[in-house]
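Reading the structure
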Amino acid sequence: MRLRAAAAAALLLALTACTTGPSLEDRGEVTAPPGDSRHLTIGSAGFTESDLLAQMYAQLLNQAGYQTSLITVANRELYEPALESGQIDVVPEYAATFADWLNAKTNGPDAPPVGSPDLTTTMRALRRLATPRGLTVLDPGRAVDQNAFAVTAAYARRHHLRTLSDLGASGLKVRLAAGDECVQRPYCEPGLKKVYGIDITGIDPKGVGTTQAKRAVQSGQDQMVLTTTTDATLDQFGLVLLADDRHLQNADYVVPVVNRSRAGSERVTKALGKLNDVLTTADLASMNQQVDSWRRLAQDVARTYLRDKGLLK
């Protein structure tokens, strides 16, 4: 893999001036035949899971005959316009979150959300919004990274809890360790109250899945923590997930998004699609753990995984 530092630095400088995608007069280009550039830039959003996915995409594309470089752009407000303009060619995204983001960009911040717990509905909305911007959303696989809620295993045993419905029915008062935005997010405190009837007494603003938040639940200061389905460190804190049995969370399945004019070919689709057959939520959690807890390099973890699954020679 060619990691061209100078080119990546130049691209990052260009992105800081890039605030919009293709102009309206250029939108007709999305009807042009899909492009197949030999040199593809893979974008990462800068957190462990995104780095791992970007590495796997790059290695699969290298094997398919492409030359790739990687760049990290943590801000979606920067990397999405760069994807539209062709400065970035491929990024890993999350179906429902990206659908809602594009919807707000297209229809305004007060537009009703289009992401939903149903994957088919979410993908339909996402592709409808992405296509006019020159983007192609490839098929999702089985891996999903959603909000999730965890309690201590001892707490779950004591109160016979396996699902969020169980917690709501228990009538227990719950202080929730989460980000401060949880108070307003429909998939956090409001949803837990409305959908599950959970008695949330307050939000302890310690962040999403942070060590501080998990320790607060482990110590009994809080009763539940907001984390994600690919969090592989829960065992270290004696925590277990409660199942989202009424499907409060949206269908945030991992999906590759490509710039159609540069990476919309069947060859790219086929190379990246190989991952769909094998990658699971548990696989992502395991790889996240190897990077975050075992301090392995994302590039090495990605390569080992692809080789173990027979996807990389």
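Source: prediction; values computed, not measured. (Residues numbered from 1 in each chain as written. Predicted model: local features only at pLDDT ≥ 70, side-chain atom pairs only at ≥ 80, totals over all residues. Heavy atoms only, no water.)

In terms of regular secondary structure, the protein is built from 13 helices and 10 strands. The long-range share in the protein, meaning contacts at least 24 apart out of those at least 6 apart in sequence, stands at 77%. Approximately 14400 Å² of the protein is accessible, and the part contributed by carbon and sulfur atoms is 51%. (Helix = DSSP H or I, 4+ residues; strand = E, 2+ residues; numbered from the N terminus. Contact = heavy atoms within 4.5 Å. Areas by Shrake-Rupley, 256 points an atom, 1.4 Å probe, with all protein chains shown as cover.)

Mapped onto the fold, Q59 is located in helix α2 (residues 48-63). Overall, the relative accessible area of 5% leaves Q59 in the buried class. Side-chain polar atoms of Q59 contact the backbone oxygen of Q299, separated by 3.2 Å. (Buried < 20%, exposed > 50% of the residue type's maximum accessible area, 1.4 Å probe, protein only. Polar contact = N/O pair within 3.5 Å; in protein donor to acceptor, adjacent residues only side chain to side chain.)

Taken in spatial order, the five strands make up an open sheet running β7-β6-β8-β5-β9, and their pairing is mixed. At either margin of the open sheet sits one strand with a lone partner, and together these are β7 (199-205) and β9 (239-242). Between one strand axis and the next, the sheet turns by 40° as a mean value, whatever way the strands run. Summarising the sheet, strand β5 (residues 147-152) and β9 pair through four bridges and their orientation is antiparallel. (Pairing = 2+ DSSP bridges. Axes fitted to C-alpha atoms, helices over the stretch in contact; angles between N-to-C directions.)

Next up on the list: the layout of surface pockets. Here the largest pocket defines a volume of roughly 1400 Å³. If you go around the largest pocket, you meet 47 residues; those closest to its centre are T97, N147, V208, T228 and D252. Those elements giving two or more residues to the lining of the largest pocket turn out to be α2, α3 (76-85), β3 (90-94), α4 (95-107), α9 (211-218), β8 (224-228) and α12 (281-292). Per-element accounting of the lining of the largest pocket gives the leading share, four residues, to α4. A breakdown of the residues in the lining of the largest pocket according to their chemical character gives 19 nonpolar, 16 polar and 12 charged. When its volume is computed, the second largest pocket comes out at roughly 260 Å³. Lining the second largest pocket are 18 residues, with Q146, N147, T229, D244 and Q249 positioned closest to its centre. Only β5 and β9 provide two or more residues apiece to the lining of the second largest pocket. Here the lining of the second largest pocket gets three residues from one element, more than from any other, and that element is β5. The class makeup of the residues in the lining of the second largest pocket is 11 nonpolar, six polar and one charged. (1 Å grid on protein atoms, 1.4 Å probe; cavity = no way out; pocket = protein on both sides within 12 Å on 5 of 7 lines; lining within 4 Å. Points joined across faces, edges and corners; volume = space filled by probe spheres on them. Nonpolar A, V, L, I, M, F, W, Y, C, P; charged D, E, K, R; others polar.)

The next thing to look at is the confidence of the model for the protein. This prediction gives the protein a mean pLDDT of 91; 90% of its residues lie at or above 70. In this model, residues 1-9 is a region of pLDDT below 50 whose contacts with residues beyond four sequence positions or in other chains number 16 contacts. When the criterion is pLDDT under 50, residues 16-29 qualifies, and its contacts beyond four places in sequence or with other chains add up to 18 contacts. (pLDDT = per-residue confidence, 0-100.)

A few words now on the state of the cysteines. Applying the stated criterion to the full structure yields one disulfide. Covalent S-S linkage joins C182 and C188, the inter-sulfur distance amounting to 1.8 Å. On the sign convention where negative means left-handed, the S-S torsion of about -85° between C182 and C188 marks this disulfide as left-handed. For the residue pair C182 and C188, the accessibility class agrees, reading buried in each case. (Disulfide = S-S within 2.5 Å.)

Let us now look at α9. Of the residues making up α9, those classed as buried are A213, K214, A216 and V217. With its buried residues spanning 155° around the axis, α9 presents them on a single face. Where the residues of α9 are buried, they touch β5, β6 (173-178), β7, β8 and β9. (Arc of directions from axis to C-beta.)

In terms of nonpolar packing, the biggest core is built from 35 residues, with I42, M56, L61, L275 and L279 touching the most fellow members. Of all the secondary-structure elements, those providing two or more residues to this core are β1 (39-44), α2, β3, β10 (254-259), α11 (266-273), α12 and α13 (298-308). Counting residues per element, this core draws most heavily on α2, which supplies eight residues. In this structure, M56 is in contact with L275, L279, M287, A302, Y305 and L306, ignoring residues within four places of it in sequence. Counting 23 residues, the second-largest nonpolar core is a separate cluster that includes L83, I88, A99 and L102. (Core = buried A, V, L, I, M, F, W, Y, C linked by side-chain atoms within 4.5 Å.)

Our next topic: the side chain of S44. Looking at the element boundaries, S44 is found in strand β1. Not counting residues within four places of it along the chain, the set of residues in contact with S44 comprises S50, D51, A54, I71, T72 and V73.

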